[in-house]
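# Secondary and tertiary structure notes
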Amino acid sequence: MSGLGPKAEHHLLELGLAPRPTPTGGWRLATAPGRTGPLVVEPRNGGAVSAGGLKATLEETVQAACGLMHLYGLREGTGPRRLGLDHTAVVRAVVTGQGALAGLLARARGLGPVRVRVDPAAALLLTLGHYLAVAEAAPDTYAPRPGPPERTDRAEGPDRTAFPPRADAGRPPPFLTRDGRWVEIETFRAHRWGALWQRLGAEGAAIGRAWREHAARQWTARCTMPESLHRAVAAHSLAELRNAAHACEVAVVELQPPDRYRPCARPWTSRTGPAPDTAAPVREPARTSPAHDLPLTGLTVVECTRFLQGPYAGRVLAMLGAHVVLVELPDGDPARGIEPVVDGCFAGFRALHRGKHPVRLDVTTPAGRDALRELLVTADVFLHNWPVGRAERLGLEPESLWRTHPRLICAHASGWAPFRGPLLPPVASDWSAQAHAGLAHAQRPDDEPPACSVATLLDTLGGLVCAEAVLAALLRRETTGVPTAVETSLLSAARLLLNGAKRPPAGPLFHPLPTGEGHLALGDTPRARSALGLPPGADRRAFAHTLARDSAADWEERLNAAGAPCARVRSIHDVLTEPAFVHHLVYESGVHVTTPWEFS
């Protein structure tokens, strides 16, 4: 099996690429129709995420090594936590698919690479790009907040990690209604947020504090709601809460079971445009001569996006060589002014849009739409993440654009595609999609109540999926001449994560363990227990007591040498200084992640 993992191989199969294993731990792929020569896709470092002497390959050790457990743990504020989904394996699979499609596209365009190397560490760090940028600019953002230590000294009852709430600052969502239903509450508008909580009887000062946490959570990985808001929800049934939210145009999303939607492996839908008219000349987009081997060199993307999902898609296309024109609001994207600011721009915004070329247009006006259409004359891809229906209202849906731009690839990064209808939440965000898709249940062990990760899961994965769909559409156009409209969504990214997922069972080592210094992610295996001198029935307290004798770094070296896979939990700050990760990071007006692909 390839070093990039079984999910990567399965993903390539779902893309129709028929991978054949190679001795190097990669795959040999068929190339585009009508072209000669195969393409080899292989991992760097054998597919392991290397940090110091560690070579992490298991989901839990990779989560620990790359700073993910640290970010997931900020929700409770009691230390790092494991996410019970194969999130890193799915990210590696999608980035592998991107590299394969980009390599085949480059071959079809005559650029000539025969090999693509995928670096799994860079792939994972790419999804943390906005967090790394903020951490480098404002180190205190992800520092631990004062809170109770983890309890491992229960005298009786099942041995589980306890996460008691902080009495002074409240608890993170979800909220529990009077009739026992777990819900997320979502809106992007401060006045609607305030109107709902006032209607529910919450205190004004608490409402303001909660909004600041709610609005910043995509950058901070935290969202702690005052107890008064939890009490306000607990005083109402789900039906009453929904009625109040409907009046205030706020979404109340009940946490669904993980089987709410059928998992999917190819997370996009597509429809083709007009076949090329060989009798009539088609105006080709202006191209430059390829100056290097990046697959999208000479191609232009026009991007109308905000927040995270769409910008991540455009960032990937820019990393692959495309000229990306970022269309912003007339006064610029409001996110530019968020703190921390580096060289006049919010560090997180710069991480998402580095390498793009901004222009400012008001597409709600005829003049703005005319200017956008003029940009599209020389474009290959039109990418947006507008709400459903906006492109049609503006006359910018694929069918209208194809009349004058017959080779244009149209990409929509949406909330709920391919589904439509009134049963879907009216507001699409990372957290409402996690709740609605069933991820709140699927990511937590079976002895814990459901909850969404506050660290972004679907915005980043959804952006990667959208970029992959664009690459597939470009490959189709290059080999058939037919343009395509592709639609991806937060929900389709969630369904990709749910493919093969089962709610994880609770166990004493599910979450990382405290040691004498730092935390350690350790698999519950006979070899691990033997190496620590613990009996088969040892509980979490016994592990913690033994591990307290030494630091997580020393245990990582000792236990891995004994054949018991483990990893010290790195914080997001550790990642910035970890020698094994430094070559994946570039410091230039803030920090950004280098490309995870190498084409040769």
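Located above this text is the structure these notes cover.
Notes on the structure follow. (Residues numbered from 1 in each chain as written. Predicted model: local features only at pLDDT ≥ 70, side-chain atom pairs only at ≥ 80, totals over all residues. Heavy atoms only, no water.)

What follows concerns the overall build of the protein chain. Looking only at helices and strands, the protein chain features 24 helices and 24 strands. In terms of overall size, the protein chain behaves like a compact globule, its C-alpha atoms giving a radius of gyration of 24 Å where 600 residues would be expected to give roughly 25 Å. Dimensions along the principal axes, computed over C-alpha positions, put the protein chain at roughly 85 × 60 × 45 Å. Counting only residues that meet the buried cut, the protein chain has 60% of its 600 residues in that class. (Helix = DSSP H or I, 4+ residues; strand = E, 2+ residues; numbered from the N terminus. Rg over C-alpha atoms; globule rule 2.2 N^0.38 Å. Buried < 20%, exposed > 50% of the residue type's maximum accessible area, 1.4 Å probe, protein only.)

Once that is clear, we can look at unusual backbone geometry. Following Pro173, the chain continues to Pro174 via a peptide bond in cis, the omega torsion being 15°. Looking at the element boundaries, Pro174 is found in the loop between α6 (129-137) and β7 (175-176). With an omega dihedral of 5°, the bond running from Glu339 to Pro340 counts as a cis peptide bond. With respect to the helices and strands, Pro340 occurs in the loop between β12 (323-328) and β13 (341-342). Here Phe307, not a glycine, exhibits a phi torsion of approximately 65°, which is positive. Relative to the assigned elements, Phe307 resides in the loop between β11 (300-304) and α11 (309-319).

Two packed helices can be described by the angle between their axes and the distance between those axes. The interhelical angle for the contact between helix α1 (residues 6-14) and helix α4 (residues 87-108), taken along N-to-C directions, is 45°, at an axis separation of 8 Å. Classified by the angle their axes make, α1 and α4 are oblique. α1 and α4 meet at a crossing whose hand is right-handed. Contacts between α1 and α4 involve Lys7, Ala8, His11 and Leu12 from the former and Ala89, Val90, Ala93, Val94, Thr96, Gly97 and Ala100 from the latter. The class makeup of the residues in the contact of α1 with α4 is seven nonpolar, three polar and one charged. (Axes fitted to C-alpha atoms, helices over the stretch in contact; angles between N-to-C directions. Parallel < 35°, antiparallel > 145°, perpendicular 65-115°, else oblique. Left-handed = near helix turned anticlockwise from the far one by under 90°. Contact = heavy atoms within 4.5 Å. Nonpolar A, V, L, I, M, F, W, Y, C, P; charged D, E, K, R; others polar.)

Moving on, we get to the sheet that holds strand β10 (residues 269-272). Read across the open sheet, the seven strands follow the order β10-β18-β17-β16-β11-β12-β15; overall the sheet is mixed. If you trace the sheet from one side to the other, it starts and ends with β10 and β15 (357-360), each paired once. The average undirected angle you get between the axes of adjacent strands in this sheet is 20°. Alignment of β10 against strand β18 (residues 484-489), held across four bridges, turns out to be antiparallel. If you follow Ser270 over to β18, its bridge partner there is Val486. Across the face of the sheet, helix α18 (residues 458-480) comes into contact with β10, β16 (381-384), β17 (409-414) and β18 while running at roughly 165° to β18. Most of the contacts of helix α19 (residues 490-497) go to β18, to which it runs at about 70°, and overall it touches β17 and β18. (Pairing = 2+ DSSP bridges.)

Ordered by their spatial adjacency, three strands build an open sheet running β19-β20-β21, and the pairing between neighbours is antiparallel. Every interior strand has two partners, whereas the edge strands, β19 (513-514) and β21 (566-568), have only one. Pairing of strand β20 (residues 519-522) with β21, which is carried by three bridges, proceeds in the antiparallel orientation. Across the sheet, Leu520 pairs through a bridge with Arg568, a residue of β21. On top of the sheet, helix α22 (residues 552-561) reaches β20 and β21; it is set at about 160° to β21, its chief contact.

Considered for burial, the residues of helix α21 (residues 540-547) that qualify are Arg540, Phe543, Ala544, Thr546 and Leu547. In a view along the axis of α21, the buried residues occupy a sector of 165°, so they form one face of it. Looking at the buried residues of α21, the elements they touch are β19, β20, α20 (526-532) and α22. (Arc of directions from axis to C-beta.)

What follows covers the nonpolar core. Judged by nonpolar contacts, the single largest core of 121 residues is most densely connected at Val49, Leu71, Leu132, Leu296, Leu458 and Trp597. Every residue in contact with Leu296, bar those within four places of it in the chain, is listed here: Leu105, Arg109, Leu317, Leu320, Gly321, Ala322, Leu471 and Leu474. (Core = buried A, V, L, I, M, F, W, Y, C linked by side-chain atoms within 4.5 Å.)

Here we come to the environment of Trp431. Note that Trp431 resides in helix α16 (residues 430-437). Among the residues examined, Trp431 registers a relative accessible area of 6% and is labelled buried. Along the primary structure Trp431 and Thr577 are separated by 146 residues, whereas in three dimensions their C-alpha atoms are 30 Å apart. The residues touching Trp431, leaving out its near neighbours within four places in the chain, are Glu184, Glu186, Arg217, Gln218, Cys452, Ser453, Val454 and Thr456. A polar atom in the side chain of Trp431 sits 3.2 Å from the backbone oxygen of Val454. (Polar contact = N/O pair within 3.5 Å; in protein donor to acceptor, adjacent residues only side chain to side chain.)

Remark: a regular strand shows side chains that alternate across the two faces of the sheet. With five of five residues buried, strand β3 (residues 39-43) is to be regarded as a mostly interior element. Because side chains alternate across β3, one face comprises the buried residues Leu39, Val41 and Pro43, and the other comprises Val40 and Glu42, equally buried. When strand β2 (residues 27-29) meets β3, the two strands line up antiparallel, connected through three bridges. Bridge pairing in β3 places Arg28 opposite Val40. Direction of pairing for β3 relative to strand β6 (residues 115-118): parallel, over a ladder of four bridges. Note on β6: the bridge partner recorded for Pro43 is Val118.

Position of Arg222 among the secondary structure elements: in the loop between α8 (204-220) and α9 (227-234). No salt bridge is formed by the buried Arg222. Its closest oppositely charged neighbour is Glu213, at 6.7 Å. For Arg222, the residues in contact, after removing those within four places along its chain, are Leu74, Thr141, Tyr142, Ala143, Pro144, Arg145, Glu213, Arg217 and Val454. (Lys, Arg positive; Asp, Glu negative; His and termini not counted. Salt bridge = Lys/Arg side-chain N within 4 Å of Asp/Glu carboxyl O.)

Now for helix α5 (residues 120-127). With eight of eight residues buried, α5 lies mostly within the body of the structure. A side-chain oxygen of the first residue of α5 lies 3.0 Å from the backbone nitrogen of Ala121; this N-cap is Asp119.

The interhelical angle for the contact between α4 and α18, taken along N-to-C directions, is 20°, at an axis separation of 9 Å. Taken together, α4 and α18 sit at an angle that is classed as roughly parallel. Here α4 runs over α18; the crossing is left-handed. On the side of α4, the interface is formed by Val90, Val91, Val94, Val95, Gly97, Gln98, Leu101, Ala102, Leu104, Leu105 and Ala108, while α18 contributes Leu461, Leu464, Val465, Ala467, Glu468, Leu471, Ala472, Leu474, Leu475, Glu478 and Thr479.

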